[in-house]
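# Coordinate inspection notes
Here is what each chain is made of, one letter per residue.
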Amino acid sequence: MLEILSVLESLPTPQLISVAIIPVLFAITVHEVAHGWIAKYLGDPTAHRLGRLSFNPLRHIDPVGTVLIPALFLLMGSRFLFGWAKPVPVTWENLRHPKRDMVLVAFAGPAANLMMAVIWGIVTKITMSSVGELGFITKPLFYMGLVGILANVLLFVFNLLPIPPLDGGRVAVGLLPGRLSWQLSRVEPFGFFILLALMISNIIWFVIYPVANVLIMIVRLVVGL
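Attention in this report is confined to the structure presented alongside it. (Residues numbered from 1 in each chain as written. Predicted model: local features only at pLDDT ≥ 70, side-chain atom pairs only at ≥ 80, totals over all residues. Heavy atoms only, no water.)

The next point concerns the side chain of Asp-44. As for its position among the elements, Asp-44 is in the loop between α2 (13-41) and α3 (46-49). Although Asp-44 lies buried, it forms no salt bridge, and the closest oppositely charged side chain, Arg-49, sits 6.6 Å away as judged by the N-O distance. At 2.7 Å, the side chain of Asp-44 forms a polar contact with the backbone nitrogen of Thr-91. A distance of 2.9 Å separates a polar atom in the side chain of Asp-44 from a polar atom in the side chain of Asn-94. Not counting chain neighbours up to four residues away, the residues in contact with Asp-44 comprise Ala-39, Pro-89, Val-90, Thr-91, Asn-94 and Leu-95. (Helix = DSSP H or I, 4+ residues; strand = E, 2+ residues; numbered from the N terminus. Buried < 20%, exposed > 50% of the residue type's maximum accessible area, 1.4 Å probe, protein only. Lys, Arg positive; Asp, Glu negative; His and termini not counted. Salt bridge = Lys/Arg side-chain N within 4 Å of Asp/Glu carboxyl O. Polar contact = N/O pair within 3.5 Å; in protein donor to acceptor, adjacent residues only side chain to side chain. Contact = heavy atoms within 4.5 Å.)

A few words on the environment of Asp-101. Tracing the chain through its elements places Asp-101 in helix α5 (residues 98-128). With a relative accessible area of 0%, Asp-101 lands in the buried category. Sequence-wise, Asp-101 and Tyr-41 are 60 residues apart; in three dimensions their C-alpha atoms are separated by 10.0 Å. Discounting chain neighbours no more than four positions away, the residues touching Asp-101 are Leu-42, Leu-95 and Arg-96. At 3.4 Å, the side chain of Asp-101 forms a polar contact with the backbone nitrogen of Arg-96.

Helix-helix packing is described using two parameters, namely the angle between the two axes and the distance between the axes. Across the interface, α5 lies against helix α7 (residues 167-175) with an axial gap of 8 Å and an inter-helix angle of 155°. Classified by the angle between their axes, α5 and α7 sit roughly antiparallel to one another. For the pair α5 and α7, the crossing hand works out as left-handed. Of α7, the residues touching α5 (which contributes Lys-99, Val-103, Ala-106, Phe-107 and Pro-110) are Asp-167, Arg-170, Val-171, Val-173, Gly-174 and Leu-175. Residues belonging to the contact of α5 with α7 are distributed by class as follows: seven nonpolar, one polar and three charged. (Axes fitted to C-alpha atoms, helices over the stretch in contact; angles between N-to-C directions. Parallel < 35°, antiparallel > 145°, perpendicular 65-115°, else oblique. Left-handed = near helix turned anticlockwise from the far one by under 90°. Nonpolar A, V, L, I, M, F, W, Y, C, P; charged D, E, K, R; others polar.)

Listed below in structure tokens is the structure:
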């Protein structure tokens, strides 16, 4: 992970932003669409009816969470960006097995990010071997691949933290027995402030980094980087 960060940090900020836009937009878009797809498969057509099963990023961008908050973190020089897309609506009463199915719906988003990390790893592998020959074409794709690996792995780990309203919190609520599930669900109104405190204190980085580092090594092994 440090190797990827060092390569990306060597880029001028405008260039880094330009190669990051597509991988990051894909990461959040496919993440949200995956939630909606699985919900539809399990009996809830809400996202489909509202036109949210679309790969058009504009349907998933939240002006505050996708644009303003990450921009503020960048301006503050933060090493960890935070933001969110417009959540895909899920009507849990429509699901055939609500408690079990909500776990599957919640996990679908992070699972999609992990698959995309592998796909971007393949892009990186392919372009890395030809950067010298067609640099003006392959260099941007190479850097986009690195951003894609990093962004998707970080989104996978971050979203699976067991803190509602993150996907991991919803998975935990669905898997825990009755009383524990109910107690964890009561944390949701305070989840954003808990996450903010963890980020400001940098504690969240010590939690995310080791797991993300292992996953990046696995992605590299899978694609042969």
